[in-house]
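Each chain is listed here by its residues.
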Amino acid sequence: MNTYSYKPYYKYDGPKINDPLREELPLEDQQRNIDLFYTDIQNRFEDEEALISRTDDGVVSIQTSIPKQKCDEWVAEILTSLDLLCHRS
């Protein structure tokens, strides 16, 4: 099994081509989305053989046999839906 780690964060860098009305999220919404990332990861991987964990500093680890590219795709979909970015390790 492979382990992939992601640390989500929020960064406002203005409107995007695919979201021209994008506005900066208030701090409460930023934190809510970061917290939802962990929940959404658990939901997305619930039908897969995966062990999901989160450290105190917010790093979410996914231990799974899914290939890295597929895992990154699923995580990217969740990040996009929550207007977040992440550091991968």
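Residues numbered from 1 in each chain as written. Predicted model: local features only at pLDDT ≥ 70, side-chain atom pairs only at ≥ 80, totals over all residues. Heavy atoms only, no water.

Caption draft 1: Quick look at the pattern of salt bridges. Across all of its chains, the model carries 6 salt bridges by this definition. Note that Asp13 is salt-bridged to Lys16, the shortest N-O span being 3.0 Å. In this structure Lys16 comes out as partly exposed when scored by relative accessible area, which is 35%. Note that Asp29 is salt-bridged to Arg32, the shortest N-O span being 3.9 Å. (Salt bridge = Lys/Arg side-chain N within 4 Å of Asp/Glu carboxyl O. Buried < 20%, exposed > 50% of the residue type's maximum accessible area, 1.4 Å probe, protein only.)

Caption draft 2: Looking closely at the environment of Ser81. Along the chain, Ser81 turns up in helix α2 (residues 68-82). Ser81 gets classed as exposed once you look at its relative accessible area, which sits at 54%. The spacing of Ser81 and Asp40 is 41 residues in sequence and 10.0 Å in space, taken between C-alpha atoms. A distance of 2.8 Å separates a polar atom in the side chain of Ser81 from the backbone oxygen of Ile78. (Helix = DSSP H or I, 4+ residues; strand = E, 2+ residues; numbered from the N terminus. Polar contact = N/O pair within 3.5 Å; in protein donor to acceptor, adjacent residues only side chain to side chain.)

Caption draft 3: How the structure looks around α2. With 15 residues, α2 extends 21 Å between its outermost C-alpha atoms, agreeing within 8% with the 21 Å of an ideal straight helix rising 1.5 Å per residue. All buried positions along α2 are accounted for by Cys71, Asp72, Trp74, Val75, Ile78, Leu79 and Leu82. Angularly, the buried residues of α2 cover 165° about the axis, an arc narrow enough to put them on a single face. Counted as exposed and oriented over 90 degrees from the buried face of α2: Gln69, Thr80 and Ser81. Where α2 is buried, its residues contact β1 (2-9), α1 (27-44), β3 (60-64) and β4 (85-88). In the segment just after α2, Asp83 is the residue with positive phi, at about 60°. (Expected span 1.5 Å × (residues − 1). Arc of directions from axis to C-beta. Contact = heavy atoms within 4.5 Å.)

Caption draft 4: Structural detail: the nonpolar core. Counting residues in each nonpolar core, the largest one holds 19 residues, and the members touching the most others are Tyr6, Phe37, Ile41, Phe45, Ile62, Cys71 and Val75. Elements with a contribution of two residues or more to this core: β1, α1, β3 and α2. For this core, the leading source of residues is α2, giving 6 residues. Apart from the residues lying within four places of it in its own chain, the contact partners of Ile41 are Ile52, Val60, Ile62, Val75 and Ile78. (Core = buried A, V, L, I, M, F, W, Y, C linked by side-chain atoms within 4.5 Å.)

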